[in-house]
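What follows is each chain in one-letter form.
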Amino acid sequence: MSGIQTVVLKGDPDKAGLYTIMLRIPAHTRIAAHVHHDDRVATVVSGTCYIGYGDVFNASLLKALPAGSFYTEPSNRSHFAETRDEPVTVQITGGGPSSTSYIDPASDPRRSSGK
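Residues numbered from 1 in each chain as written. Predicted model: local features only at pLDDT ≥ 70, side-chain atom pairs only at ≥ 80, totals over all residues. Heavy atoms only, no water.

1. As for unusual backbone geometry
The linkage connecting G96 with the following residue, P97, adopts the cis geometry, with an omega of 5°. Looking at the secondary structure, you find P97 in the loop between β9 (88-96) and β10 (101-102). One non-glycine residue, H28, adopts positive backbone phi at about 60°. Within the secondary structure, H28 is located in the loop between β2 (17-25) and β3 (30-35). In this structure, N76 takes a positive phi of about 60° despite not being glycine. As for its placement among the helices and strands, N76 is situated in the loop between β7 (70-73) and β8 (79-82). With a relative accessible area of 54%, N76 lands in the exposed category. (Helix = DSSP H or I, 4+ residues; strand = E, 2+ residues; numbered from the N terminus. Buried < 20%, exposed > 50% of the residue type's maximum accessible area, 1.4 Å probe, protein only.)

2. A short note on the layout of surface pockets
Taken as a whole, the largest pocket encloses approximately 600 Å³ of empty space. What lines the largest pocket is a set of 28 residues, among which T6, L23, H36, R40 and T100 lie closest to the centre. Secondary structure elements with two or more residues in the lining of the largest pocket: β2, β3, β5 (48-53), β7, β8 and β9. Looking at the lining of the largest pocket element by element, the count peaks at 4 residues for β2. Considered class by class, the residues forming the lining of the largest pocket number 16 nonpolar, 7 polar and 5 charged. (1 Å grid on protein atoms, 1.4 Å probe; cavity = no way out; pocket = protein on both sides within 12 Å on 5 of 7 lines; lining within 4 Å. Points joined across faces, edges and corners; volume = space filled by probe spheres on them. Nonpolar A, V, L, I, M, F, W, Y, C, P; charged D, E, K, R; others polar.)

Such coordinate-based values are descriptive only and should not be taken to indicate function.
Rendered as structure tokens:
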């Protein structure tokens with residue numbers, strides 16, 4: 001996703017087994033509704049992350065999670081997120097192999113890569 005940096009801290013999210021990644025998400029970033037094949041637990045390391053659950057991005061469902069908060073991303077449960085006036089760092093642990101599928105394929109930022 002444009003601007004989001006992913007750093008693998010442990011394991012390999014593309015292979016079977018435990019992995020931990022760190023996401024650095026710039027300010028003013030919106031992440032469309034998507035699902036992951038694996039169960040994940042995320043901790044907000046810095047900034048305030050706004051997350052909601054559902055098949056469509058809905059700002060009224062966002063919950064503010066400041067640094068030190070955690071949330072879950074259950075397998076195949078759609079969720080969405082955004083950052084506001086500050087960048088956010090999130091650490092995510094799951095059991096691979098992992099995947100990301102956007103509910104609306106047109107909102108998948110990987111589709112517009114290279115355009």
